[in-house]
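Read off the chains here:
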Amino acid sequence: MSEATRTAPAAEPTQPAGPQPVAVHDPKQIFSQVPFMAWLQMRREFSEGGRARLSMDAREELGNVIGAVHGGVVVTLLDVAMASAAVSHRNFECTAVTLNLNTSFLGPGRGRLSCDGELLACDAQIATCRAVVTDAEGRVVARAQGSFRYLPLPKSSQPHQPLTPG
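Residues numbered from 1 in each chain as written. Predicted model: local features only at pLDDT ≥ 70, side-chain atom pairs only at ≥ 80, totals over all residues. Heavy atoms only, no water.

This brings us to the overall build of the protein. Looking only at helices and strands, the protein has two helices and six strands in total. Taking as baseline every contact in the protein between residues at least 6 positions apart, the subset at least 24 positions apart corresponds to 62%. (Helix = DSSP H or I, 4+ residues; strand = E, 2+ residues; numbered from the N terminus. Contact = heavy atoms within 4.5 Å.)

Counting 34 residues, the largest nonpolar core has Val-74, Leu-77, Leu-78, Leu-113 and Val-133 as the members making the most contacts within it. Looking at this core, the elements with two or more residues in it are α1 (35–40), β2 (51–57), α2 (71–89), β4 (112–122), β5 (126–135) and β6 (140–151). It is α2 that provides the largest number of residues to this core, a total of 11 residues. Discounting chain neighbours no more than four positions away, the residues touching Leu-113 are Leu-54, Ser-55, Met-56, Val-69, Val-74, Leu-77, Val-133, Thr-134, Asp-135 and Val-141. (Core = buried A, V, L, I, M, F, W, Y, C linked by side-chain atoms within 4.5 Å. Buried < 20%, exposed > 50% of the residue type's maximum accessible area, 1.4 Å probe, protein only.)

Let us look at the environment of Val-80. Mapped onto the secondary structure, Val-80 falls in helix α2. Classification of Val-80 as buried rests on a relative accessible area of 14%. For the pair Val-80 and Cys-115, spaced 35 residues apart in sequence, the C-alpha to C-alpha distance is 9.2 Å.

Moving on, we get to the pattern of salt bridges. For the coordinates displayed, the defined rule picks out eight salt bridges. Between Arg-43 and Asp-57 there is a salt bridge whose closest N-O contact spans 3.4 Å. Taken together, the positions of Arg-43 in strand β1 (residues 43–48) and Asp-57 in strand β2 put the pair 14 residues apart, joining distant regions of the chain. We classify Arg-43 as partly exposed; its relative accessible area is 32%. A salt bridge links Arg-130 to Glu-118, with the nearest nitrogen and oxygen atoms 2.7 Å apart. Of the two residues, Arg-130 is situated in strand β5 and Glu-118 in strand β4; the sequence distance between them amounts to 12 residues. (Salt bridge = Lys/Arg side-chain N within 4 Å of Asp/Glu carboxyl O.)

Right, let's talk about the sheet that holds β1 for a bit. Spatially, the six strands line up as an open sheet ordered β1-β2-β4-β5-β6-β3, and their pairing is antiparallel. Each of the sheet's edge strands pairs with one partner strand only, and the pair in question is β1 and β3 (95–105). Averaged over all pairs of adjacent strands, the angle between strand axes in this sheet comes to 20°, irrespective of strand direction. Both β2 and β4 contribute to a ladder of seven bridges, which runs antiparallel. (Pairing = 2+ DSSP bridges. Axes fitted to C-alpha atoms, helices over the stretch in contact; angles between N-to-C directions.)

The next point concerns the pairing of β2. Sheet topology note: the β1/β2 ladder contains five bridges and is antiparallel. Looking across to β2, one finds that Ser-47 is bridged to Ala-52. Taking the residues between adjacent antiparallel strands as the criterion, β1 and β2 are bridged by two residues, where Gly-49 takes a positive phi near 55°.

The exposure class of Glu-118 is buried, given its relative accessible area of 18%. In this structure the side chain of Glu-118 is engaged in a polar contact, spanning 3.4 Å, whose partner is the side chain of Arg-51. A polar contact of 2.7 Å, which involves the side chain of Glu-118, links it to the side chain of Arg-130. Apart from the residues lying within four places of it in its own chain, the contact partners of Glu-118 are Gly-50, Arg-51, Ala-85, Thr-128, Cys-129 and Arg-130. (Polar contact = N/O pair within 3.5 Å; in protein donor to acceptor, adjacent residues only side chain to side chain.)

With that settled, consider the pairing of β4. As paired elements, β4 and β5 share nine bridges and run antiparallel to each other. Residue Leu-113 lies in a different strand from β5, and its bridge partner there is Asp-135. In this antiparallel pair of consecutive strands, β4 and β5, the connection spans three residues.

So, about the side chain of Ser-47. If you trace the backbone, Ser-47 turns up in strand β1. The buried category is assigned to Ser-47, whose relative accessible area is 12%. A polar atom in the side chain of Ser-47 sits 2.8 Å from the backbone oxygen of Ser-84. Contacts of Ser-47, omitting those with residues within four sequence positions, involve Ala-52, Ser-84, Ala-85, Ser-88 and Phe-92.

Here it is in structure tokens:
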């Protein structure tokens, strides 16, 4: 084989950067350290006793073609409010991941949106919740019901660097 026809050995494939587990000392603060939640600027107003309220303000980059908050953002608000309600029932000693989510959109979401989530039932592994998103005038934007699996909180071999406003 000539020098010209030899090929260099294939480089080791590198894993692209992607989501990393979020581990914090105070599990009640884990929500504020999730980069996607910080980017959406969602605020958790409370989460206790199987109930939670989240809110957010509409921004141009979250809009859809009709000038309302994109449905994917509204679904995220519903999803996180329900998961927050579920883990509050367990005193934040675990996390909850979505198994299924059924959403009904009832009107466009504009301005400040609030979402109230509540735990309906749970056993050792599964929580069933519902939530509703309303706008600043109290109009219902969307409703959802979902089920969530309880999982252990992530452990981190490296201390998590808190997100800073940017």
